[in-house]
Amino acid sequence: MLRIPCPERPNWQALAHEYGFQFHTMYGEKYWDESAYYQFTLEQIENDLEAPTEEIHAMCLEVVDKVVNDESLLNKFAIPRQHWELIRDSWKNGDPSLYSRLDLTYDGKGHAKLYENNADTPTSVYETGFWQWLWLENNVDNQLLARASDQFNSLQEKLVNRFIELHALTPGRILHFACCKDTDEDRGTVQYLEDCAKAAGLDTAFVYIEDIGIDNKNEFTDVDDQVITWIFKLYPWEFMFEDEYSAHLGKQNMRWLEPPWKAIISNKALLPMLWRMFPNHPNLLPSFFEDELYKIPEHMQLVKKPIFSREGANIYFTDAQGVISDKDVHSDGPYGVEGFIFQERSPLPQFSGNHTLIGSWLVDNQAAGISIREDKQSITQDLSRYLPHIIL
Amino acid sequence: MKRSSILDLNLLRKHSRVFALAPVSLAVLMGCSSGSSDEEVKFVMSVDDCENQTSLGREACEAAYEQALADAESTAPRYRFERDCIEEFNYCEDRGSYFIPIMAGYIVAEVIDEVGDAIERKYRYKHSHPSYLYTGRGANRNKIMTSDGFVIGSPGKSSYRMSREALKPKPKVTRTMSRGGFGSTASAKSNWGSSGKSKGWGG
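Residues numbered from 1 in each chain as written. Chains lettered and ligands numbered in written order. Predicted model: local features only at pLDDT ≥ 70, side-chain atom pairs only at ≥ 80, totals over all residues. Heavy atoms only, no water.

(A) Looking closely at the overall build of chain A. The secondary structure content of chain A amounts to ten helices and 21 strands. Its C-alpha atoms give chain A a radius of gyration of 21 Å, near enough to 21 Å, the size a compact globule of 392 residues would have. Counting only C-alpha atoms and orienting by the principal axes, one finds that chain A spans roughly 60 × 55 × 35 Å. Pairs at least 24 apart in sequence give 70% of the contacts found in chain A among residues at least 6 apart. Of the roughly 13900 Å² of accessible surface on chain A, 46% is carried by carbon and sulfur atoms. (Helix = DSSP H or I, 4+ residues; strand = E, 2+ residues; numbered from the N terminus. Rg over C-alpha atoms; globule rule 2.2 N^0.38 Å. Contact = heavy atoms within 4.5 Å. Areas by Shrake-Rupley, 256 points an atom, 1.4 Å probe, with all protein chains shown as cover.)

(B) Layout of the sheet that holds strand S4 (residues 36–40) of chain A. Residues and elements named next belong to chain A. Strand order across the open sheet formed by three strands is S1-S4-S21, with mixed pairing between neighbours. At either end of the open sheet lies a strand with only one pairing partner, and these are strand S1 (2–5) and strand S21 (389–391). On average, each strand axis in the sheet is inclined to that of its neighbour by 30°, with strand direction left out of account. As paired strands, S4 and S21 are joined by three bridges and run parallel to one another. (Pairing = 2+ DSSP bridges. Axes fitted to C-alpha atoms, helices over the stretch in contact; angles between N-to-C directions.)

(C) Looking closely at the packing of helix H5 (residues 125–141) of chain A against helix H7 (residues 184–199) of chain A. All names here are of chain A. Two elements in contact, H5 and H7, have axes separated by 9 Å at closest approach and are oriented at 55°. Judged by the angle between their axes, H5 and H7 are oblique. The two elements H5 and H7 meet at a crossing, and its hand is left-handed. Taking contact as the criterion, the partners of Val125, Tyr126, Glu127, Gly129 and Phe130 in H5 are, on H7, Glu185, Thr189, Tyr192 and Leu193. Here the contact of H5 with H7 is composed, by residue class, of five nonpolar, two polar and two charged. (Parallel < 35°, antiparallel > 145°, perpendicular 65-115°, else oblique. Left-handed = near helix turned anticlockwise from the far one by under 90°. Nonpolar A, V, L, I, M, F, W, Y, C, P; charged D, E, K, R; others polar.)

(D) Representation of the domain arrangement of chain A within the structure. In terms of domain boundaries, chain A breaks down into domain 1 (2–266 + 350–391) and domain 2 (286–344). For domain 1 of chain A versus domain 2 of chain A, the separation of C-alpha centres amounts to 25 Å. (Domains from an automatic or database assignment.)

(E) Structural view of the environment of A:Pro171. By secondary structure assignment, the location of A:Pro171 is in the loop between helix H6 (155–169) and strand S7 (175–179). Overall, the relative accessible area of 14% leaves A:Pro171 in the buried class. Each C-alpha atom of the pair A:Pro171 and A:Trp12 lies 40 Å from the other, and the pair is 159 residues apart in sequence. Each residue touching A:Pro171, except ones within four places of it in the same chain, is listed here: B:Gln67 and B:Tyr125. (Buried < 20%, exposed > 50% of the residue type's maximum accessible area, 1.4 Å probe, protein only.)

(F) Summary view of the nonpolar core. Ranked by size, the top nonpolar core spans 77 residues in total, and within it A:Phe40, A:Leu49, A:Phe77, A:Phe220, A:Leu249, A:Ile264 and A:Leu274 carry the most contacts. Mapped onto the domain boundaries, this core takes at least three residues apiece from domain 1 (2–266 + 350–391) and domain 2 (286–344) of chain A. Counting residues in each nonpolar core, the second largest holds 51 residues, with A:Tyr37, A:Leu134, A:Leu166 and B:Leu7 among its members. (Core = buried A, V, L, I, M, F, W, Y, C linked by side-chain atoms within 4.5 Å.)

In structure tokens, the structure reads:
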């Protein structure tokens, strides 16, 4: 695993315009960064990332199966009681999923370790499935990269194929796509997934989360008063559970992407649960619930994460007693009232002074590629830069 | 190869291109690009009829029937008075505040799933729509018709051609009582601190 500086394509911003990639620069700072790329060997990809990704996902599904049937665990996962049935039913019915992204720390040697699982609303799917793919094609054509260069990235192909399967499982329904207003990134992400669904032959529509309505039969509606019967929502389940319309959930014949059971594994309580069920697994970091601090070895340094944290918000470093060790190094945010978990501190590897995080994608249960984020800070947040990668 | 072999650049292009760079060789359409805008469908009057007339198995025929029956509830033409319904479709059902024609049968479009080799050919239905026999006056008398009035043809043929457009799922329309019940948790979270530098709610 190497970080290799390289010249940018002179026309990449015009290309980004052509393909509707609006959020490559945000708040005046680079988000898409092609001034360097990461290079992996095929062995690193296949043995250290691809295979463990599928294995971790399979373990996560075992956690779901255990948690949905255990009230005390559902409480530990901070899931409101009135939605237990929705989650349990979606799991027992086998409601299909679309995709996930595991965040891993990996430096090219040894075992990749799971930081967390973005199983409900993963973003950077466009940058990964399409944009970095185009970067590779262009730079091979420009002879900047060796013709043998490859990339671990079958994401778009797998997404389209998955939509074909989902269509067969859900015939005769229009698939609505939804995200919140005022965010170019989420709108772009949802547009990309809608494009993939259209390529798979699905009939689609779009609605903003805030514009969703309800009729007198508990059917959710879009702005044209069309009943929503199947929806992809880039909006977390734990937010939906808090919103006013949560009282109507589960009272209509509706299919969700991601399905409600994803609320179990997009939740940070997944981490101590995995450690409990699969102790000392090489791809897991020791993790503990708040009432398990007594189990923690004396000198272990920890990271304290809120159960519902998103994009690296409200993360603290602590000692083995849970006491915040460095008040200056933490990230702000609006999370934490729901409780915290502790995970062994395992700093991200550094390449040329950058902290590097690997996102490993799954479509349903198949590993489908990786994305790389870099940050000057030790906690990568939502404005970390995105860099492409190759296999050579 | 560990990456997508070919991607449809046209599918994702949002603006006409302003210059010419290499990827012309990649511009190959994938997915449903068979050119023709028509599809072959069959009109069947029962699950048994479906089994006889199509390559679908019992289970698929039953599923297609259930689908058509469920769709009929929300998409069938609605009449305020029974006599108006009878005048056009002869057999009608009372739904409390309105009347709908009784389904004469359903139309199915079938497709073969490509699961590797030819031995494992699996048929499934791609579309299933409720259909009615129109008995009103005029040129469409005794023709098969879909919920939205699309005329398929006279009964008795082994198959019919229908445009893709007419085969699309029919949107179910209702009256919205309120809006805005989702999204408040996100907007509450976005108000913390002063940076405002959050890109979205994905992660």
